[in-house]
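Architecture and fold: a report
As a plain string of letters, each chain reads:
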Amino acid sequence: MSTANSDSSGNSVARDGGGRPSRYESQKRRDWNTFRQYLRNHRPPLELSRCSGAHVFEFLRYLDQFGKTKVHTAGCPFFGHPQPPAPCTCPLRQAWGSLDALVGRLRAAFEEDGGQPEVNPFAARAVRLYLREVRDSQAKARGIAYEKRRKRPPPSQQGSSPQAPVPAAATAAPLIGHGRSAADFIASGAYPHRLHGHPMLPPWIPAETMRR
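Residues numbered from 1 in each chain as written. Predicted model: local features only at pLDDT ≥ 70, side-chain atom pairs only at ≥ 80, totals over all residues. Heavy atoms only, no water.

**Here we look at the pattern of salt bridges**
- Per the stated rule, a full pass over the model turns up 6 salt bridges.
- For R36, the salt bridge identified is with D113, shortest N-O distance 3.2 Å. Taken as a pair, R36 in helix 1 (residues 23–41) and D113 in the loop between helix 3 (96–112) and helix 4 (125–142) lie far apart in primary sequence, 77 residues in all.
- Given a relative accessible area of 26%, R36 falls into the partly exposed group.
- Overall, the relative accessible area of 41% leaves D113 in the partly exposed class.
- Overlapping salt bridges, with partners in common, bring together E25, K28, R29 and E112 in one network. (Salt bridge = Lys/Arg side-chain N within 4 Å of Asp/Glu carboxyl O. Helix = DSSP H or I, 4+ residues; strand = E, 2+ residues; numbered from the N terminus. Buried < 20%, exposed > 50% of the residue type's maximum accessible area, 1.4 Å probe, protein only.)

This is the structure:
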């Protein structure tokens, strides 16, 4: 049997329900222990019950010193270049995807450790805004777009849609009233009334005309 948790974006993350902890569960425990150690080393030491989104923000900034993702500054000649041709002195940071997954694991660990969902600091608005800022800034620095691309319609659907073909029987109908045939009135929508799925003709159009 398996259960599921979520990352900071609400995506489900499966875990095994067997006797041996899954890779996700093991990583979540390590992350939780690291965060608790960070709170103990905080000056002054910080209790978990008093932890807020601002403290989570500080923790994520603290982790940047261990990052391995090159993030170019605005003054770097390689700013916005997805694959720089040469090294530069820009700092290393935690990648946005790694931080997003980390926050998701810590959010789950907080509630599993007895925390209430309504006071979960990892679900705070300040944390979501920080993750969004990191995502956008790293996208600009590396020339990567994170926006969802809209699916293009098939070539057959591009441009104006073709008009529905007019039945052959309708084209052969004689002109009736005002110089127009019954089929013309129906095809043009001038008389669109229907009853049980069948078109209703004006009283001056004989029904046998449409049966020809």
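Here the narrative resumes, following the displayed structure.
**Concerning the packing of aromatic side chains**
- Counted under the stated rule, the structure contains 11 aromatic pairs.
- Between W32 and F110 the ring centres are 6.4 Å apart and the planes differ by 75°, which places this aromatic pair in the edge-to-face class. Taken together, the positions of W32 in helix 1 and F110 in helix 3 put the pair 78 residues apart, joining distant regions of the chain. For the residue pair W32 and F110, the accessibility class agrees, reading buried in each case.
- These aromatic residues form a ring-pair network of at least three members: W32, F35, Y38, F59, Y62, F66, F110 and F122. (Phe/Tyr/Trp six-rings, centres within 6.5 Å; stacked < 30°, edge-to-face > 60°.)

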